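Chain residues, written in single-letter form:
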Amino acid sequence: MKKWMITIAMLILAGIALFVFISPLKSHKTVSQQDLRNPDFLDDKEVLLYFSSSADQDAFGGGKSYALFISQDGTLSSFKMKGLELGSAKVHGDSVMLEDKNKIYTIKNGLRSHKRAYQHTGDSAGFLQNTDGFYTLYNSGYDKKKDGYRSELYRQMDGEWKKDVISYYIRASGFHDGAIYALVPTADEKGYELLQIQADQKKLTYHKITEWQYREGASVESQLAVDDQAVYVMVRGQKAHNLYQMVKINKKSGKVELHDIAEYKNDEQTIYSSMPFSFKNSFFPYDGNLYFIDGFGKVHKIDAKTGKTNIAFTLSQDKMKADFKEITQKGSSLYFFTYTYNKPAYIEQYSLKTGKKMKEKEIRKVKDVVTPKSHLKLYDVEVMKGF
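Calculation notes
- Residues numbered from 1 in each chain as written.
- Predicted model: local features only at pLDDT ≥ 70, side-chain atom pairs only at ≥ 80, totals over all residues.
- Heavy atoms only, no water.
- Core = buried A, V, L, I, M, F, W, Y, C linked by side-chain atoms within 4.5 Å.
- Buried < 20%, exposed > 50% of the residue type's maximum accessible area, 1.4 Å probe, protein only.
- Pairing = 2+ DSSP bridges.
- Helix = DSSP H or I, 4+ residues; strand = E, 2+ residues; numbered from the N terminus.
- Axes fitted to C-alpha atoms, helices over the stretch in contact; angles between N-to-C directions.
- Phe/Tyr/Trp six-rings, centres within 6.5 Å; stacked < 30°, edge-to-face > 60°.
- Lys NZ or Arg CZ within 6 Å of the ring centre and 35° of its normal.
- Salt bridge = Lys/Arg side-chain N within 4 Å of Asp/Glu carboxyl O.
- Polar contact = N/O pair within 3.5 Å; in protein donor to acceptor, adjacent residues only side chain to side chain.

> Hey, could you run me through the nonpolar core in this one?
As a rule of thumb, soluble globular proteins bury nonpolar side chains together. In terms of nonpolar packing, the biggest core is built from 28 residues, with Leu-36, Leu-48, Phe-69, Phe-79, Val-96, Leu-98 and Ile-107 touching the most fellow members. Listed in part, the 22 residues of the second largest apolar core include Ile-70, Ala-345, Ile-347 and Val-381.

Below you can see the structure in the form of structure tokens.
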């Protein structure tokens, strides 16, 4: 009798142990629009990831995207949408913006969706303080009626979405103090014009700041970074194929300066490896400096006034081997997300002031959504107020 009781007790304990061990791994759940309508949905969320298939995968309607919300306890909640190459997911305070090829979603005390014209390629997105709403910009393609390229801008104004057409192909863009800055090709396609588009009023107004000629073979390697004085962008090949330079354009005078930032061994493999893994987020301003993260994970700190540069710190080299990498900056912190197929994902927090790694969070179950056969690409990562 005692043996049976001992055996039963051991089985019960083994069951409890197995439950405790397995339960934390059961941390993925799919969520619907109904779930997002819950006013408390965002309360415990720390990280937001945006994965999507590319435009070619959507040629026959098979594209898809996912917003992955990571909670404080590590639970992953996945919300499936249609695809949008280079799409964005943005966070501002207790508000979130998501998008796919046909809709824009906003989450704040519930869910709202806005159906808009089909888009195949995103560009950038953010938040307009003066209108208290998000904006999102798309490279919309060729306009048959006007016989030229068009980009479309959607802005939240008075709680509703307003559409505007910008009749240019936008090579790179940035935002600062109510204005969108756009680098667009000149008519002869031998240079770029820098436009300031005032976006915090109902009607867009345009101001051409300057025109900049580039050398044949030169490439733009980042989005625009903007501060009170100037607009900045990283280029390669203007002076040498293996040299990255920062172009600095004075907002008032239009004066253009070029500063050498990083030079690499002049062979194709090294040059290819040096290219930023995040066009969207690899270059940004903070506290009188610009920061540029290259393809080797080196964080270059650049004095905005003088252009002098030094390597402030280097991202984890082990994590740099991951299949997916993305970065985002919030205040004095740089966040580095990595994921390798069928393994846990990680997000690391680095201090821009000291270069030290401050925090690391393991994220399980990304592998449930992002698999080698899913054809998904990582286009955005955002940290939320709880992180």
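> Could you clarify how one ought to interpret the sheet that holds strand E12 (residues 160–166) in this entry?
The antiparallel open sheet is built from 4 strands, whose spatial order is E9-E10-E11-E12. Strand pairing shows two members of the sheet lacking a second neighbour, strand E9 (122–128) and E12, which therefore form its edges. Neighbour-to-neighbour, the strand axes of the sheet open up by a mean angle of 20°, direction not taken into account. Here strand E11 (residues 148–157) runs beside E12; their pairing, made up of 7 bridges, is antiparallel. Its bridge partner being in E12, Met-157 is matched across the sheet by Glu-160.

> Whenever I open this one, the pairing of strand E25 (residues 309–314) confuses me. Can you help?
Two faces, one strand: in a regular strand the side chains alternate between the faces of the sheet. Summarising the sheet, strand E24 (residues 298–303) and E25 pair through 5 bridges and their orientation is antiparallel. Within E25, the residue paired with Val-299 across the bridge is Phe-313. Between E24 and the antiparallel strand that follows it, E25, lie 5 residues; Gly-307 among them carries a positive phi value of about 80°.

> In this structure, what is going on with the packing of aromatic side chains? I would like to understand it.
How two aromatic rings sit relative to each other is set out by the distance from centre to centre and by the angle between their planes. This model, assessed by the stated rule, comprises 19 aromatic pairs. Between the aromatic rings of Phe-277 and Phe-336, the centroid separation amounts to 6.0 Å while the plane-to-plane angle is 45°, which identifies the pairing as tilted. Here Phe-336 lies in strand E27 (residues 333–339) and Phe-277 lies in the loop between helix H3 (268–274) and strand E22 (283–286), a separation of 59 residues in the sequence. Pairing Phe-313 with Tyr-350 gives two aromatic rings, centres 5.5 Å apart and planes at 15°, and the pair type is stacked. Here the residue Phe-313 occupies a position in strand E25, and Tyr-350 occupies one in strand E28 (residues 345–351), the gap between them amounting to 37 residues. Within the aromatic cluster, the residues linked to one another by ring pairs are Phe-51, Phe-324, Tyr-339 and Tyr-341. Geometry around Phe-41 places Lys-45 over its ring, the cationic atom sitting 4.1 Å from the centre. If you follow Lys-325 out to its NZ or CZ, it ends over the ring of Phe-277, 5.7 Å from the centre.

> Help me understand the pattern of salt bridges in this model?
Here the idea is simple: oppositely charged side chains can pair when their charged atoms come close. Scanning the model with the defined rule gives 21 salt bridges in all. For Lys-108, the salt bridge goes to Asp-94, with nearest N and O atoms at 3.9 Å. Note that Lys-108 is positioned in the loop between strand E7 (103–107) and strand E8 (111–115) and Asp-94 in the loop between strand E5 (90–92) and strand E6 (95–99), a separation of 14 residues in sequence. Between Asp-380 and Lys-280 there is a salt bridge, and its shortest N-O distance comes to 3.9 Å. Note that Asp-380 is positioned in strand E30 (residues 377–383) and Lys-280 in the loop between H3 and E22, a separation of 100 residues in sequence. Both residues of the pair, Asp-380 and Lys-280, count as buried. Salt bridges linked by common partners bring Lys-90, Lys-280, Asp-380 and Glu-382 together as one network.

> Is there a simple way to explain the environment of Gln-245 in this structure?
Structurally, the position occupied by Gln-245 is in strand E20 (residues 243–250). The sequence separation of Gln-245 and Ala-345 amounts to 100 residues, and the corresponding C-alpha distance is 33 Å. Of note is the side chain of Gln-245, whose polar atom sits 3.5 Å from the backbone nitrogen of Lys-239. At 2.9 Å, the side chain of Gln-245 forms a polar contact with the side chain of Asp-260.

> Explain unusual backbone geometry to me, please; I cannot follow it from the model alone.
Excluding glycine, most residues fall at negative phi; most peptide bonds, likewise, are trans. One non-glycine residue with positive phi stands out, namely Asp-287, at about 55°. Of note, the phi angle at His-375 is positive, near 60°, even though the residue is not glycine. By the secondary structure assignment, His-375 is in the loop between strand E29 (357–363) and E30. Assessed through its relative accessible area of 47%, His-375 is described here as partly exposed.

> Explanation requested: the sheet that holds strand E26 (residues 324–330) in the structure shown.
Sheets are built from strands that pair by backbone hydrogen bonding, the pairs being arranged parallel or antiparallel. Sheet architecture is open: 4 strands sit in the order E26-E27-E28-E29, paired in antiparallel fashion. Where the open sheet ends on each side, the last strands, each with one partner, are E26 and E29. Going across the sheet, the axis of each strand differs from the next one's by a mean of 15°, ignoring polarity. Relative to E29, E28 is paired through 6 bridges, and the arrangement is antiparallel. When the sheet's bridge partners are listed, Tyr-350 is paired in E29 with Lys-357.

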